[in-house]
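Per-entry structural report
So the chains spell out like this:
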Amino acid sequence: GVFWRFVSSPALMVVVEGAHGTLDGALQPGFEDLDGSGLHLGASGVRGTFSWGVNFREVDAGLVNTANLGLSIGGVPDRIGGDLSLSKTVGAKMLSLQLRSQQSGTLADGSGADVDEQSGTFTLVAPLSAGLVASATASGTTTKGDGDPDLGLPGSDRRMLSLGVT
């Protein structure tokens, strides 16, 4: 595996992580031969009252953690996705936007179900007085997933919206 972090200034920090794992099933009882890679690219920064962050992640279905085979194979199998976060302070108020998308597929043996999920959250925080702060949040998520008849799992197609004020 490789981990690299570069900090140019508070305005720009870059992270690169990569891993490749293989497993010879003949050497580990109960496992089949597996081979896969994982990648994480990220960048973030702060400039004045504005901050941002963006990440991209991809994990092959066959990625194995050879240091701990019982932990999981690739964390979330066959996953690709990313996220974006933006925040801005305006006077005493803070605005925040977070967006995320993830597609996950099947396990290395072809079992499991494909799932696509997108979500977003918008938050506003503002002081009402010296000892009282108000917060309003709106978030939404859509999830679409194939069923897996072999495991008796139905497909899913859901949309969720939540609003909160504190």
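For clarity, every value in this text was computed on a predicted model and none was experimentally measured. (Residues numbered from 1 in each chain as written. Predicted model: local features only at pLDDT ≥ 70, side-chain atom pairs only at ≥ 80, totals over all residues. Heavy atoms only, no water.)

**So, the side chain of H40**
Looking at where H40 falls in the secondary structure, it is placed in strand β3 (residues 34-47). Accessibility expressed as a relative area gives 15% for H40, which makes it buried. Within polar-contact distance, the side chain of H40 engages the side chain of N55 at 2.8 Å. Ignoring anything within four residues of it in the chain, the contact list for H40 reads V15, V16, E17, N55, F56 and R57. (Helix = DSSP H or I, 4+ residues; strand = E, 2+ residues; numbered from the N terminus. Buried < 20%, exposed > 50% of the residue type's maximum accessible area, 1.4 Å probe, protein only. Polar contact = N/O pair within 3.5 Å; in protein donor to acceptor, adjacent residues only side chain to side chain. Contact = heavy atoms within 4.5 Å.)

**Points about the pattern of salt bridges**
This structure, assessed with the given rule, holds 4 salt bridges. Here R57 and D83 are joined by a salt bridge, their closest N and O atoms 2.9 Å apart. Here D83 lies in strand β5 (residues 79-90) and R57 lies in strand β4 (residues 50-59), a separation of 26 residues in the sequence. Each member of the salt-bridge network shares a partner with another, and the members are R100, E117 and R158. (Salt bridge = Lys/Arg side-chain N within 4 Å of Asp/Glu carboxyl O.)

**Some remarks on the environment of R159**
Along the polypeptide, R159 turns up in strand β9 (residues 156-165). Judged by its relative accessible area of 63%, R159 is exposed. For the pair R159 and T143, spaced 16 residues apart in sequence, the C-alpha to C-alpha distance is 6.6 Å. Other than its neighbours up to four places away in sequence, R159 contacts T141, T142 and K144.

**Notes on the pairing of strand β6 (residues 93-104)**
Consecutive side chains along a regular strand alternate between the two faces of the sheet. As paired elements, β5 and β6 share 12 bridges and run antiparallel to each other. Paired with D83 across the bridge in β6 is R100. (Pairing = 2+ DSSP bridges.)

**Observations regarding the packing of aromatic side chains**
By the definition in use, this model includes 1 aromatic pair. Taking the centre distance of 5.9 Å and the plane angle of 10° together, the rings of W4 and F6 count as stacked. The exposure class assigned to F6 is partly exposed, which follows from its relative accessible area of 39%. (Phe/Tyr/Trp six-rings, centres within 6.5 Å; stacked < 30°, edge-to-face > 60°.)

**Side note on a negative patch on the surface**
A grouping of D35, E58, D60, D78, D114, D116 and D146 is seen on the molecular surface, where their side chains present a negatively charged patch. Mapped onto the elements, D146 comes out in the loop between β8 (132-145) and β9. Owing to a relative accessible area of 45%, D146 belongs among the partly exposed residues under this scheme. (Patch = residues over 30% accessible without salt bridge, like charges linked within 9 Å, V, L, I, M, F, W, Y side chains within 5 Å. Areas by Shrake-Rupley, 256 points an atom, 1.4 Å probe, with all protein chains shown as cover. Lys, Arg positive; Asp, Glu negative; His and termini not counted. Charge placed at Lys NZ, Arg CZ, Asp CG, Glu CD.)

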